[in-house]
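Topology and contacts: notes
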Amino acid sequence: QVQLVESGGGLVEAGGSLRLSCAASGRTFSRYAMGWFRQAPGKEREFVAGISPSGAGTYYADSVKGRFTISRDNAKNTVYLQMNSLKPEDTAVYYCAGRLSTIATYSYDYAYWGQGTQVTVSS
């Protein structure tokens, strides 16, 4: 069982940056692929970025490629999402999620979820 807690959301102007963190409980964090998803009002939850258990592999949605960077520190049981050049369309609740095995891009492939953190980008 893994429990996930996100932090780092907030209000930022367009073009600004934020770094989200997701702290995981448990001693097997390094076995889990981690993903970041987001959900805007009235829209479905969408994949943003994923990272393999070791951190060697990453994958991004086209909409954030080149602007967002996912990373992890297995010694600290934490996964990060560095978000640069933020746009108003990045406004959403951001969730981290975990699953055993490899990166996946569908939300139903992830068994463990955090409570979400709000990111609001003003124009």
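This report concerns the structure included in the present document. This structure is a prediction, so every number in the text was calculated from the model and none was measured.

A few points about unusual backbone geometry
One non-glycine residue, Asn-77, adopts positive backbone phi at about 55 degrees. Here Ser-85, not a glycine, exhibits a phi torsion of approximately 50 degrees, which is positive. With respect to the helices and strands, Ser-85 occurs in the loop between strand S8 (78–83) and strand S9 (92–100). Classification of Ser-85 as partly exposed rests on a relative accessible area of 42%.

Some thoughts on the state of the cysteines
Enumeration over the complete set of coordinates arrives at one disulfide. What pairs with Cys-22 in a disulfide is Cys-96, and their sulfur atoms sit 1.9 Å apart. Linking Cys-22 and Cys-96, the disulfide has an S-S dihedral of approximately 40 degrees and is accordingly described as right-handed. Residue Cys-22 is found in strand S3 (residues 18–24), and its partner Cys-96 is found in strand S9; the two are separated by 74 residues along the sequence. Of the two residues examined, Cys-22 and Cys-96, each falls in the buried class.

Cut-offs applied
- Residues numbered from 1 in each chain as written.
- Predicted model: local features only at pLDDT ≥ 70, side-chain atom pairs only at ≥ 80, totals over all residues.
- Heavy atoms only, no water.
- Helix = DSSP H or I, 4+ residues; strand = E, 2+ residues; numbered from the N terminus.
- Buried < 20%, exposed > 50% of the residue type's maximum accessible area, 1.4 Å probe, protein only.
- Disulfide = S-S within 2.5 Å.

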